[in-house]
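# Residue-level structural notes
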Amino acid sequence: MRSVTRTLGLSSAAMGLTALTALSGSGVAGAAPAGAEGLYAPSALVLSVTDGDDAASGTVLRAVTLVCAPRPGGTHPDPDAACAELQAYAPELDALAEPRPDAACTREWSPVTVTAEGVWQGRRMSYSYTYANPCALWNSTGTVFGI
C-alpha cells in the first residue's frame, strides 16, 4: 500500500509540474487580462514633411507620431483634432490637402511633400501628397500635417 501511495504522490506532482510548465511555456500563466486596449484596432502613424517633390529622396524637415486608438496621443501638436480628421477622411486624405478658400499664396515652385505611414484602424496606410510650396501646405484645410 505504501508503494501505491508513494507512486500516486509522485505521479500527481509530476503531472502538476508538467501542467505548470506547459502553461508558462504557452504564455497563459503570465498573461494579463484583456483590457480596454484590446478592443481597438491599432491606429498609429508617422507623419512627415519633406523638402522636395519626392519623399524618398528629399530632406525630412519635420516628423511626428500620431496615435489615435485607444485615445489620441503621440508627438503631434494637436492629436485630438488630427485624429478626428483622420476618422472623417482616412484613408483618402486628399480632401485635407485642399487649400482654404481664403488662402493667398504665390505661384512659386518650391515643393514640399507630406507623408503618412503606419497603421490606420488595423490596416496598413501609406499616403503622400506634394504641395507647390510651403505656403500651400500652411494654408491647407487640415490639421493632420500642421506639424
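Relevant structure appears above.
Residues numbered from 1 in each chain as written. Predicted model: local features only at pLDDT ≥ 70, side-chain atom pairs only at ≥ 80, totals over all residues. Heavy atoms only, no water.

## Notes on the side chain of Ser140
With respect to the secondary-structure elements, Ser140 resides in the segment after helix 4 (134–138). A relative accessible area of 7% means that Ser140 is categorised as buried. Polar side-chain contacts of Ser140 include one of 2.9 Å to the backbone oxygen of Leu137. Those residues within four positions of Ser140 in sequence are excluded, and the remaining contacts are Leu96, Ala97, Glu98, Pro99, Arg100 and Tyr131. (Helix = DSSP H or I, 4+ residues; strand = E, 2+ residues; numbered from the N terminus. Buried < 20%, exposed > 50% of the residue type's maximum accessible area, 1.4 Å probe, protein only. Polar contact = N/O pair within 3.5 Å; in protein donor to acceptor, adjacent residues only side chain to side chain. Contact = heavy atoms within 4.5 Å.)

## Let's talk about the state of the cysteines
As enumerated under the stated definition, the model contains two disulfides in all. Here Cys105 pairs with Cys135 through a disulfide, and the sulfurs are 2.0 Å apart. What sets the handedness of the Cys105 and Cys135 disulfide is the S-S torsion sign, and at about -80 degrees it is left-handed. In this pair, Cys105 is assigned in the loop between helix 3 (94–97) and strand 4 (112–120) and Cys135 in helix 4, connecting sequence segments 30 residues apart. Taken N- to C-terminal, the disulfide-bonded cysteines of the chain are connected 1-2, 3-4. (Disulfide = S-S within 2.5 Å.)

## Structural notes on unusual backbone geometry
Between Ala69 and the following residue, Pro70, the backbone shows a cis peptide bond with an omega angle of 10 degrees. As for its position among the elements, Pro70 is in the loop between strand 2 (59–67) and strand 3 (73–74). If you check the backbone angles, Gln121 has positive phi at about 50 degrees while not being a glycine. Summarising the element assignment, Gln121 is placed in the loop between strand 4 and strand 5 (123–131). Under the relative-accessibility criterion, Gln121 is labelled partly exposed at 40%.

## With respect to empty space enclosed by the protein
Under the defined criterion, the tally for this structure stands at one cavity of 30 Å³ or more. Put simply, the largest cavity is a space of about 40 Å³. Considering the residues around the largest cavity, the lining is formed by Leu96, Tyr131, Leu137, Ser140, Gly142, Thr143, Val144, Phe145 and Gly146. For the lining of the largest cavity, the residue count by class is five nonpolar, four polar and no charged. (1 Å grid on protein atoms, 1.4 Å probe; cavity = no way out; pocket = protein on both sides within 12 Å on 5 of 7 lines; lining within 4 Å. Points joined across faces, edges and corners; volume = space filled by probe spheres on them. Nonpolar A, V, L, I, M, F, W, Y, C, P; charged D, E, K, R; others polar.)

## Description of the nonpolar core
Residues Leu47, Leu86, Leu93 and Phe145 are the most contacted members of the largest nonpolar core, which totals 25 residues. Elements with a contribution of two residues or more to this core: strand 1 (44–51), strand 2, helix 2 (79–89), helix 3, strand 4, strand 5 and helix 4. At four residues, the largest contribution of residues to this core is made by strand 4. Setting aside chain neighbours within four positions, we find Leu47 in contact with Arg62, Ala63, Val64, Leu66, His76, Thr115, Ala116, Val144, Phe145 and Ile147. (Core = buried A, V, L, I, M, F, W, Y, C linked by side-chain atoms within 4.5 Å.)

## Focus: the packing of aromatic side chains
For the coordinates displayed, the defined rule picks out two aromatic pairs. Look at Tyr127 and Phe145: their rings are 6.2 Å apart centre to centre, the planes differ by 25 degrees, and that puts the pair in the stacked class. Taken together, the residues span a long stretch of sequence, with Tyr127 in strand 5 and Phe145 in the segment after helix 4 at a distance of 18 residues. In this pair, the class of Tyr127 matches that of Phe145, namely buried. Note on Tyr129 and Tyr131: the rings are 4.9 Å apart at their centroids and 65 degrees apart in plane angle, and the pair reads as edge-to-face. The class for Tyr129 is partly exposed, based on a relative accessible area of 28%. For Tyr131, a relative accessible area of 3% gives the class buried. (Phe/Tyr/Trp six-rings, centres within 6.5 Å; stacked < 30°, edge-to-face > 60°.)

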